[in-house]
Amino acid sequence: MASPEPRFIAVDWGTTRLRTSLVDAGGAVIAHARSDSGVQSVPPGGFPAALRAACAAWLEAYPALPVVMAGMVGSRNGWVEAPYLHCPCGLSEMAAQLTRIDGLERDAFVVPGVDVRWEDGSYDVMRGEETQVFGTGIDDGLICLPGTHSKWVEMAGGRMTRFASFITGELYAALSGSFVARLAEEPDAPEAGQTEATEAARAGGGLTRALFQARTRVLAGDMSPRAVRPFLSRLLIEAEMAGASELFGHPASVHLVASDPQLSVYRSGLERRGLQVSFVDPATATLAGLNRIISART
């Protein structure tokens, strides 16, 4: 049987990692490669070399094969700054606004980020998640992408209408090294702190009061030191979900773009709220999104 013919090289280039895939005409992956040459570690002018180091064999074997890149590679600190596409937007607009990288011996493009201006004047941006959103194939509904800066995205008629960012992961990292987590010990169970976080989230006084419970519940003997970090994580996620509900209403279902451990925590939190949950792995969504974008361009 003949080997599948590659169609393009897909590149997911984030802040800390570079992932490349050789993709055939049907969207299937022929081969993978990855490196730790994330955007933050590439020196000025070093992006062409970093890409060659990641997938030199493919570039040499297929000199006419296009490269399509998504993620922080298109940021102000990346290879080239790809302008934001304004919400509401769809797949066709995204495919039409790919940014070409000049100076290479092949076609190379960067997917644009997306921005949105809310009616109250709030402004938000994403870069990388837009590819995953279109990779889900969800035309109508609410999509959640957990992470350092979690995104909640509203889709209608195949178009991204609104989205909001929540710095849940970044806050958790900061709080894990703070005074309120000083008594923390390594967790011994995935469900640790779940009940306490749910109780604290429902208590009056808001999030900043509830966060201090990570210390005081241990001092009172109401919670194990091993539950402190899971408590903080779940409390922040509860606040994120409450904020998303305030912005987007109360849908019957949410589609998660996540893998464990985030998948399990978000899924259980959403299901406790009575929502139906479907999910897709982020890497799978990225590849599917790049394939849909390149297909919409041709």
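Above: the structure in question.
Quantities reported herein were computed from a predicted structural model and do not represent experimental measurements.

Colleague: Explanation requested: the sheet that holds strand E14 (residues 253-257) in the structure shown.
Modeller: Where strands meet in a sheet, backbone hydrogen bonds hold them as pairs that are either parallel or antiparallel. One open sheet accounts for six strands, arranged E6-E13-E12-E11-E14-E15; its pairing is mixed. Of all the strands in the sheet, just strand E6 (89-90) and strand E15 (276-280) have a single pairing partner and so form its edges. Looking at chain direction, strand E11 (residues 141-145) and strand E12 (residues 150-156) are connected through five bridges and run antiparallel. Bridged to Cys144 within E12 is Trp152.

Colleague: I would appreciate a short explanation of the packing of helix H4 (residues 168-176) against helix H8 (residues 228-248) in the present structure.
Modeller: Two packed helices can be described by the angle between their axes and the distance between those axes. Running from N to C, H4 and H8 cross one another at 150°; their axes reach a closest spacing of 10 Å. In terms of orientation, H4 lies roughly antiparallel with respect to H8. Helix-helix and strand crossings are classified by hand; for H4 and H8 the assignment is right-handed. Where H4 approaches H8, its residues Thr168, Leu171, Tyr172, Leu175 and Ser176 are matched on the opposing element by Arg229, Leu232, Ser233, Leu236, Ile237 and Glu240. Of the residues assigned to the contact of H4 with H8, the class counts are six nonpolar, three polar and two charged.

Colleague: Teacher, can you tell me more about the packing of helix H5 (residues 194-202) against H8 here?
Modeller: Contact pair H5 / H8: the axes reach a minimum separation of 8 Å and the direction vectors enclose 40°. The angle between H5 and H8 places the two elements in the oblique class. Seen from above, H5 lies across H8 with right-handed handedness. Contacts between H5 and H8 involve Gln194, Glu196, Ala197, Ala200 and Ala201 from the former and Phe231, Arg234, Leu235 and Glu238 from the latter. Of the residues that constitute the contact of H5 with H8, the class distribution is five nonpolar, one polar and three charged.

Colleague: I keep staring at the packing of aromatic side chains and nothing clicks. Help me out?
Modeller: Within this structure, the stated rule accounts for four aromatic pairs. Taken together, a centroid distance of 5.3 Å and an interplanar angle of 65° make the contact between Trp13 and Phe47 edge-to-face. Taken together, the residues Trp13 in strand E1 (residues 6-13) and Phe47 in helix H1 (residues 47-61) connect sequence positions 34 residues apart. In terms of burial, Trp13 and Phe47 fall into one category: buried. Geometrically, the ring pair formed by Phe47 and Trp79 is stacked, given 6.0 Å between the ring centres and 15° between the ring planes. One end of the pair, Phe47, is in helix H1; the other, Trp79, is in the loop between strand E4 (67-71) and strand E5 (85-86), with 32 residues separating them in the sequence. Exposure remark for Trp79: the relative accessible area of 18% places this residue in the buried category.

Colleague: Help me understand helix H10 (residues 282-297), please; the structure alone is not making it clear to me.
Modeller: Three or four residues apart is the spacing at which side chains of an α-helix point the same way, because the helix has 3.6 residues per turn. Taking 1.5 Å of rise per residue, 16 residues should cover 22 Å, and H10 covers 23 Å from first to last C-alpha, within 8% of that figure. For H10, the complete set of buried residues consists of Ala285, Thr286, Leu287, Gly289, Leu290, Asn291, Ile293 and Ile294. A side-chain oxygen of the first residue of H10 lies 3.0 Å from the backbone nitrogen of Ala283; this N-cap is Asp281.

Colleague: Sorry if this is basic, but what is going on with the layout of surface pockets here?
Modeller: It is a probe the size of a water molecule, rolled over the atoms, that shows where empty space is left. Considered as a void within the structure, the second largest pocket measures approximately 270 Å³ in volume. Around the second largest pocket sit Pro48, Leu51, Arg52, Ala56, Leu59, Pro63, Val67, Trp79, Leu104, Glu105 and Arg106, which together line it. With five residues, the single largest contributor to the lining of the second largest pocket is H1. Residue composition of the lining of the second largest pocket, grouped by class: eight nonpolar, no polar and three charged.

Colleague: For this particular structure, what's the right way to read empty space enclosed by the protein?
Modeller: The final tally for this structure, using the stated rule, is two cavities of 30 Å³ or more. One number sums up the size of the largest cavity: a volume of about 60 Å³. Residue contributions to the lining of the largest cavity peak at four residues, all from H8. Residues belonging to the lining of the largest cavity are distributed by class as follows: nine nonpolar, two polar and one charged. For the second largest cavity, the calculated volume is near 30 Å³. Of all the secondary-structure elements, those providing two or more residues to the lining of the second largest cavity are H8 and helix H9 (262-272). Classifying every residue of the lining of the second largest cavity gives two nonpolar, one polar and three charged.

About the thresholds
- Residues numbered from 1 in each chain as written.
- Predicted model: local features only at pLDDT ≥ 70, side-chain atom pairs only at ≥ 80, totals over all residues.
- Heavy atoms only, no water.
- Pairing = 2+ DSSP bridges.
- Helix = DSSP H or I, 4+ residues; strand = E, 2+ residues; numbered from the N terminus.
- Axes fitted to C-alpha atoms, helices over the stretch in contact; angles between N-to-C directions.
- Parallel < 35°, antiparallel > 145°, perpendicular 65-115°, else oblique.
- Left-handed = near helix turned anticlockwise from the far one by under 90°.
- Contact = heavy atoms within 4.5 Å.
- Nonpolar A, V, L, I, M, F, W, Y, C, P; charged D, E, K, R; others polar.
- Phe/Tyr/Trp six-rings, centres within 6.5 Å; stacked < 30°, edge-to-face > 60°.
- Buried < 20%, exposed > 50% of the residue type's maximum accessible area, 1.4 Å probe, protein only.
- Expected span 1.5 Å × (residues − 1).
- Polar contact = N/O pair within 3.5 Å; in protein donor to acceptor, adjacent residues only side chain to side chain.
- 1 Å grid on protein atoms, 1.4 Å probe; cavity = no way out; pocket = protein on both sides within 12 Å on 5 of 7 lines; lining within 4 Å.
- Points joined across faces, edges and corners; volume = space filled by probe spheres on them.

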